[in-house]
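Examining the three-dimensional arrangement
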Amino acid sequence: MICSVIDMVLMAFALGERIRAERRAKQRAQAMQIREAARLHEVRRTSAEKSRLLAAVSHDLRQPVYAITLATQSLAQQTGRPVSSVTLMQMRAAIASADHMLDSLHTMSRLEVGALRPHFSQFSVQPLLERIDVIYGLQARTKGLRWTVTPCVTEVRSDAVLLERILGNLAANAVRYTLRGGVVVACRPRRDALLIQVWDTGIGVPPENFESIFGAYFRGVPETETDNGVGLGLFIVRHASALLGITLGLRSRPGRGSCFWLRIPLARVSRQAGAEPVGPMDR
């Protein structure tokens, strides 16, 4: 009788352990299914984003290529006559636009694989501002916008190429999304950093989009004047700024305009630990 009771207890323990083992196995299988489903969802999402990107690039590249084609045809018809400066300007602008898109794709791919390494040096920002003035000032004036770049000989410690790419993307966006009024690129020293601001009187950014505009492939609201470009400019701005230790900020009012600002470490100035940061609008 005692043996029978012991056998029954052992069998109950064994059955309970078997049930628990089956339950654990089932939970592991369910967890694996969930992880696999999440992985497949991410793969599909990434694939869809890549497809949208390729479609956007192929669409947007047609415009500068078409402009170059028309300009080339115009040149062919000017045999024996001086080359039109307007035609050359159109070709340069179209080539610059295509080059900007391809450069954005290249930078994006390097950021994704972690292959973008900054090369820090000490330099004056004035030559950089002069190049920004030449490239984007022409685009702004062609649209009938006021364009101002304040001179600045302050030296910073950063990566000159990446910093120019950051500021170029901000200037390009300001010109693209401003239909009337103007764009101002201003800079001034602020304690241990140089503050560079890109102001515009464009369409502005709604508060709910302050984060999403910095995401990859963000092209604005579909079927509006904001839905253009490759959608990588501000993504590159955010990630390149993080690589360089640059503080990035935004102030905007829909319908009134925006101000993107950068705080760039000054040359030969070490930051004090725990120092209170200066806001972009501090006076």
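Preceding this section is the structure that the text describes.
Residues numbered from 1 in each chain as written. Predicted model: local features only at pLDDT ≥ 70, side-chain atom pairs only at ≥ 80, totals over all residues. Heavy atoms only, no water.

**What to know about the environment of glycine 215**
- Along the chain, glycine 215 turns up in the loop between strand 5 (193–200) and helix 5 (233–244).
- We classify glycine 215 as partly exposed; its relative accessible area is 26%.
- When the C-alpha atoms of glycine 215 and isoleucine 236 are compared, they prove to be 9.0 Å apart, with 21 residues separating the residues in sequence. (Helix = DSSP H or I, 4+ residues; strand = E, 2+ residues; numbered from the N terminus. Buried < 20%, exposed > 50% of the residue type's maximum accessible area, 1.4 Å probe, protein only.)

**Considering the nonpolar core**
- Core analysis: the biggest nonpolar cluster contains 41 residues, and Leu129 and Trp147 have the highest contact counts within it.
- Elements represented by at least two residues in this core include exactly helix 3 (126–142), strand 2 (146–149), helix 4 (160–176), strand 4 (182–190), strand 5, helix 5 and strand 7 (257–265).
- When residues of this core are assigned to their parent elements, the largest contribution, 9 residues, is made by helix 4.
- Contacts of leucine 129, omitting those with residues within four sequence positions, involve Val149, Thr150, Cys152, Leu167, Val185 and Cys187. (Core = buried A, V, L, I, M, F, W, Y, C linked by side-chain atoms within 4.5 Å. Contact = heavy atoms within 4.5 Å.)

**Brief notes about the layout of surface pockets**
- Quantified by volume, the second largest pocket comes out at close to 230 Å³.
- Among the secondary structure elements, those contributing two or more residues to the lining of the second largest pocket are strand 5, strand 6 (247–253) and strand 7.
- Looking at side-chain class alone, the lining of the second largest pocket contains 3 nonpolar, 3 polar and 4 charged residues. (1 Å grid on protein atoms, 1.4 Å probe; cavity = no way out; pocket = protein on both sides within 12 Å on 5 of 7 lines; lining within 4 Å. Points joined across faces, edges and corners; volume = space filled by probe spheres on them. Nonpolar A, V, L, I, M, F, W, Y, C, P; charged D, E, K, R; others polar.)

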